[in-house]
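Reading the structure
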Amino acid sequence: MTLDHPLLGVQPPFADHLGLRILSAQSDRIEAEMLASPQLINRNGTLHGGAVMGLADHLGGLGAFLNIGPTESTATVESKTNFFRAIPAGDLLHGVAVLLHGGRQTMVWQTTLTRSDGKMAAMVTQTQIVLRDPKF
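Predicted, not measured: the structure shown is a model, and the values here were computed from it.

Pairing is antiparallel in the open sheet, where 6 strands are placed in the order S1-S2-S4-S5-S6-S3. At either margin of the open sheet sits one strand with a lone partner, and together these are strand S1 (21-26) and strand S3 (73-83). Pairs of neighbouring strands in the sheet enclose a mean axial angle of 20°, with direction left out of account. Where strand S4 (residues 92-102) meets strand S5 (residues 106-114), 8 bridges bridge the pair, whose relative direction is antiparallel. Among the inter-strand pairings, His101 is bridged to a residue of S5, identified as Val108. In this fold helix H2 (residues 49-65) packs onto S1, strand S2 (29-35), S3, S4, S5 and strand S6 (120-131), with an angle of close to 40° to the strand it touches most, S6.

Here is the structure:
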């Protein structure tokens, strides 16, 4: 699926709160950006790690969503984050999530997050489970 998928224009409230903007979306690669805005800054003056993880989790979840059927749902069951560099306030964070494993029951996504200077800030690997009954 591509960025013109009808549901991609409607992001969940959390993604809107983060200021997340989807740049491209295919079934095996999602690309987005997010500003390190004042409401997402920690007491050290840099982007809060939870916001970084929120961006990556959203991209992996969106990628999984693009690979499931209309009566299925998905949820994160595991996530690992490595932080390499701080993201300064006002910087534009760029994220690229790629599908590493696309099974029938689980999918593994890896998201690389880079600062505007091109240096890697974090890498997140997550596992999404495919839920056959969307009522959980």
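Still to come is the rest of the account.
With that settled, consider the pairing of S6. Across 10 bridges, the pairing between S3 and S6 is antiparallel. Residue pairing in the sheet places Ala75 in a bridge with Ile129 of S6. The pairing of S5 with S6 spans 9 bridges and is antiparallel. Along S6, the bridge assignment pairs Thr112 with Met123. The antiparallel pairing of S5 with S6 creates a hairpin that spans 5 residues between the two strands, and Gly118 there sits at a positive phi of about 85°.

Below, the discussion takes up the nonpolar core. Grouped together as the largest cluster of nonpolar side chains are 30 residues, with contacts concentrated most on Ile22, Ile30, Met34, Leu47, Leu55, Leu93 and Leu113. Secondary structure elements with two or more residues in this core: helix H1 (13-18), S1, S2, H2, S4, S5 and S6. Per-element accounting of this core gives the leading share, 7 residues, to H2. Apart from the residues within four sequence positions on either side, Met34 is in contact with Leu18, Gly19, Leu20, Leu40, Leu47, Ala51, Leu55, Asp91, Leu92 and Leu93.

Cut-offs and rules
- Residues numbered from 1 in each chain as written.
- Predicted model: local features only at pLDDT ≥ 70, side-chain atom pairs only at ≥ 80, totals over all residues.
- Heavy atoms only, no water.
- Pairing = 2+ DSSP bridges.
- Helix = DSSP H or I, 4+ residues; strand = E, 2+ residues; numbered from the N terminus.
- Axes fitted to C-alpha atoms, helices over the stretch in contact; angles between N-to-C directions.
- Contact = heavy atoms within 4.5 Å.
- Core = buried A, V, L, I, M, F, W, Y, C linked by side-chain atoms within 4.5 Å.
- Buried < 20%, exposed > 50% of the residue type's maximum accessible area, 1.4 Å probe, protein only.

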